Amino acid sequence: QKWLAAKCAALASHHGLFKLLSGIVQMMRPLHFFVGPFLLLAATTVASPAQPARAMRLVDLLEIPSLAEPRLSPDGKQLLFTLAEANWKQNRQLRHIWRTEVAGGAAVCLTRGSAGEHSPRWSPAGDAIAFLAKRGTDEHEQIYLLPTAGGEARRITARATGVKQFAWSVGGDSLYFLSAEPRTAARREQVKQQDDVFAFDENFQQVHLWKLGIEDRAEVRITGGDFSILDFRLSRDGTRIVVHRSVNPLFGDSDHGEVHIMGARGEDPVRLTDNRVPEKSARVSPDNQTVLFLAKANAQFEYYYNAGLFLVAASGGPARRVLTEFSGEILEANGSAAGRSVFFRANGGTHVDLFEFNIVTEELKVLTTGDHAVRGWHYSVPARQHVMSIDQPTNPGDVWLLPEQMPPEPGARDLIRVTRLLEQRTAQFQLPRQEKVAWRGADGAAVEGLLIYPLGYSKGERYPLVVQAHGGPASSDRFGFGRWRDYLPILAARGYLVLKPNYRGSTGYGNEFLRDMVGHYFRNAHLDVMAGVDHLIAAGIV
């Protein structure tokens, strides 16, 4: 590498960038397997002549990658993430796993399977990475294991129905995973005979939890019966498992799901909830005494409210909703390393931020602020750091770190930038300005949304307007780069203003705002949208 760097420097001192890269290709022709990764490194570390920013075209937008699933190594020094890039031959985005040093350096693509890979997870010791992929003759996704020191990934499961989700054991000697029951012999014969007629919503197998030894590949069943495990999480000491259990894996029956907790071998299960409201994101406290979960319900478990945070004793008893006055929608949560606080990511209408709630003092802190949407958030207990991708109007989600605040440490915490992959992709384009805009609905209620300005906007001139109303309706439009689904930079380049209204029924504005649609779907929502349009016309810009 040192020799090659010297050659690159010599070339760069006498030739332009094109000849530099051509020279690298000539030098490396015998090393076919290494040319691609090195060229990526060289292209990102050699300064190219400044090019004037230009407007985006539709193909440009399709080629902007999507970064997801950031995960810190146990020592906090390395970062894994997935990057989905346009694959025109397969007519889709293909996701692969990347690794980079937190302290700085080029990101390296670790996997290149033809069908892509996802869900990278560090082993507790940091010496291996497990992930899900479908390779070779795999009919369904399986777990693969890749040594961090280098080498080929090897498949360690061979489930006939594939693997849906997995987690490392605390000791790192085994993996827990979810998988559907295999088809019965009778059903396999039917499929073989092409007798594939079935009743709608009856063609499924129950999903259960298993444990797999890394060395001996021995599988141990943890759960079994006429029900499905939809999600699970191990306690931090590995002795308990909290699960979301339902009558089947069908989406339409998710309201039958309940939270249970049991021993690591499936023993002594305890049902913790009993309602007709779907719950999610159950976690066990560090002392194994409390379970937290999220549900779109009020304190009485009546449905259709902004998702809130609930706590219940691990031994059973009534669950209580905390933060009852919080107006935002809690999207995901996890307990702190010490267990005194709960960290959570919440939607505040036009933005998504990270919060900390002290269970003892009931103090609420905002950990991030800005015209952005925090997503891909993960709290690393060993490293005591938050890792997240932040979607901004000019950046679709590079990765940042936020250290956990320890009690002795006064003062504010600063976000630490880790990746610039997406920034490098978007820097060449002119991108539109976004701002929050507010108006009054027909009944005088406060309503807001996002306004995206056309490129070259001139104050005092009027522009054509595109209105994009989000679906749900229990959702909201937030600050961010935009995707191929809404093509914001393209519309702005074509001279349009874009209004994205968070009308009555949207999340992140309190339960009264959300529930305005209950019982009378079209009372205010459509009027809120039209009032926003009239507001922009009256302002003289539309």
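Preceding this section is the structure that the text describes.
Here's a quick rundown of the structure. (Residues numbered from 1 in each chain as written. Predicted model: local features only at pLDDT ≥ 70, side-chain atom pairs only at ≥ 80, totals over all residues. Heavy atoms only, no water.)

Helix and strand counts for the protein come out as nine helices and 34 strands. Burial statistics for the protein: of 542 residues in total, 48% are counted as buried. In the protein, of all internal contacts separated by at least 6 residues, the share reaching a separation of at least 24 is 46%. A total of about 26800 Å² of accessible surface is found on the protein, and carbon and sulfur atoms cover 52% of it. (Helix = DSSP H or I, 4+ residues; strand = E, 2+ residues; numbered from the N terminus. Buried < 20%, exposed > 50% of the residue type's maximum accessible area, 1.4 Å probe, protein only. Contact = heavy atoms within 4.5 Å. Areas by Shrake-Rupley, 256 points an atom, 1.4 Å probe, with all protein chains shown as cover.)

Tracing the backbone shows Ala125 in the loop between β6 (117-122) and β7 (128-133). By relative accessible area, Ala125 is classed as exposed at 65%. For the pair formed by Ala125 and Pro74, sequence separation is 51 residues and the distance between their alpha carbons is 6.9 Å.

For the rest of this paragraph, the subject is the sheet that holds strand β3 (residues 78-87). The strand order across the open sheet formed by four strands is β2-β3-β4-β5, and the pairing between neighbours is antiparallel. A strand with exactly one partner marks an edge of an open sheet, and here the two such strands are β2 (66-72) and β5 (108-109). Where strand β4 (residues 92-101) meets β5, two bridges bridge the pair, whose relative direction is antiparallel. If you follow Arg99 over to β5, its bridge partner there is Val108. (Pairing = 2+ DSSP bridges.)

Moving on, we get to the sheet that holds strand β12 (residues 207-213). Read from one edge of the open sheet, four strands run β10-β11-β12-β13, paired in antiparallel fashion. On the outer flanks of this sheet lie β10 (165-168) and β13 (219-221), each paired with one strand and no other. Neighbour to neighbour, the strand axes of the sheet diverge by 25 degrees on average, direction disregarded. When β10 meets strand β11 (residues 174-180), the two strands line up antiparallel, connected through four bridges. Bridge pairing in β11 places Trp168 opposite Leu175. (Axes fitted to C-alpha atoms, helices over the stretch in contact; angles between N-to-C directions.)

Right, let's talk about the packing of aromatic side chains for a bit. One pass over the structure, following the stated rule, counts 14 aromatic pairs. With a centroid separation of 5.4 Å and 5 degrees between ring planes, the pair formed by Phe293 and Phe310 is classed as stacked. Taken together, the residues span a long stretch of sequence, with Phe293 in strand β19 (residues 290-297) and Phe310 in strand β20 (residues 303-313) at a distance of 17 residues. One exposure class covers both Phe293 and Phe310, and it is buried. With centroids separated by 4.8 Å and ring planes inclined at 70 degrees, the aromatic side chains of Tyr521 and Phe522 adopt a geometry described as edge-to-face. Residue class for Phe522 comes out exposed when judged on its relative accessible area of 62%. (Phe/Tyr/Trp six-rings, centres within 6.5 Å; stacked < 30°, edge-to-face > 60°.)

From the geometry alone we can't say anything about function, so treat these as descriptive.
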